[in-house]
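# Commentary on secondary and tertiary structure
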Amino acid sequence: MSTHVIKPGWFTVHVMNRAVSWLTRRGVSVWGSRVLAVRGRKSGQWRTTPVNLLTVDGRQYLVAPRGHVQWTRNVRAAGGGELHLGRNVDVFTATEVADDDKVPLLRAYLKRWKAEVGAFFDGVGPDSPDAELRRIAPDHPVFRVTVTN
């Protein structure tokens, strides 16, 4: 498994993530944003972070643009979590998508959010050849979300 991680800077952590989380908790989705809540794999405490919820062919996915970060490890260990938008809470199970199946999902994700996250994809964009998307697939976990409530 890849160990690719791009840690967010101070501005992202202290300004952008807080602003997006604040709006999302009040029911304002910023380009598909949700607040992901998942139990920590070591502490068991709830951890939250803003994420972009991708919908492709009626199915929902979480894509990790920064790689194998804490929330991806926690979702993998917990098998799911909660997605919050205002007062709406969707409890979900997560199934990790195999690298070979990520190409159309990464393409759709980049098509929608390239301006926001494009720098994390090693120069690969929505119009890149499949081979380039396949090359970066191991660095970006993707989870299929199945809402259970």
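Residues numbered from 1 in each chain as written. Predicted model: local features only at pLDDT ≥ 70, side-chain atom pairs only at ≥ 80, totals over all residues. Heavy atoms only, no water.

In the nomenclature of an unreviewed UniProt entry, the chain corresponds to Nitroreductase family deazaflavin-dependent oxidoreductase from the organism Streptomyces cinerochromogenes.

Okay, the overall build of the chain next. Secondary structure summary: the chain contains four helices and six strands in total. Shown N-terminal to C-terminal, the secondary structure of the chain runs as helices and strands in the order α-β-β-β-α-β-β-α-α-β. Relative to its length of 149 residues, the chain is compact, with a C-alpha radius of gyration of 15 Å against a globular reference of 15 Å. By its C-alpha atoms, the chain is 40 × 30 × 30 Å across when sized along the principal axes. Split into buried and exposed, the 149 residues of the chain put 42% on the buried side. Considering only contacts within the chain whose residues lie at least 6 apart along the sequence, 62% involve residues at least 24 apart. (Helix = DSSP H or I, 4+ residues; strand = E, 2+ residues; numbered from the N terminus. Rg over C-alpha atoms; globule rule 2.2 N^0.38 Å. Buried < 20%, exposed > 50% of the residue type's maximum accessible area, 1.4 Å probe, protein only. Contact = heavy atoms within 4.5 Å.)

A few words on the layout of surface pockets. Empty space within the largest pocket amounts to approximately 1000 Å³. Lining the largest pocket are 38 residues, with Thr12, Asn17, Thr49, Pro50 and Arg66 sitting closest to its centre. Those elements giving two or more residues to the lining of the largest pocket turn out to be helix H1 (10–25), strand E1 (33–39), strand E2 (46–56), helix H2 (70–78) and helix H3 (103–117). Partitioned by chemical class, the residues of the lining of the largest pocket number 19 nonpolar, eleven polar and eight charged. (1 Å grid on protein atoms, 1.4 Å probe; cavity = no way out; pocket = protein on both sides within 12 Å on 5 of 7 lines; lining within 4 Å. Points joined across faces, edges and corners; volume = space filled by probe spheres on them. Nonpolar A, V, L, I, M, F, W, Y, C, P; charged D, E, K, R; others polar.)

Let's shift gears to the pairing of strand E5 (residues 88–96). In this sheet, E5 lies alongside strand E4 (residues 80–85) in antiparallel orientation, the contact comprising six bridges. Residue Gly81 lies in a different strand from E5, and its bridge partner there is Phe92. In this structure, the hairpin formed by E4 and E5 is closed by a connection of two residues, where Gly86 is found at a positive phi of approximately 60 degrees. Two strands pair when backbone bridges link them, and E5 and strand E6 (residues 142–147) are joined in this way by five bridges, in the antiparallel orientation. Residue pairing for E6: Ala94 is matched across the bridge by Val145. (Pairing = 2+ DSSP bridges.)

Moving on to the side chain of Glu82. Tracing the sequence through the fold places Glu82 in strand E4. Summary of buried charges: Glu82 has no salt-bridge partner, and the nearest side chain of opposite charge, Arg39, is 7.4 Å away. Here His84 takes part through its side chain, which lies 3.0 Å from a polar atom of the side chain of Glu82. Setting aside residues no more than four positions away along its own chain, Glu82 makes contact with Val35, Leu36, Ala37, Trp46, Val89, Asp90, Val91 and Phe92. (Lys, Arg positive; Asp, Glu negative; His and termini not counted. Salt bridge = Lys/Arg side-chain N within 4 Å of Asp/Glu carboxyl O. Polar contact = N/O pair within 3.5 Å; in protein donor to acceptor, adjacent residues only side chain to side chain.)

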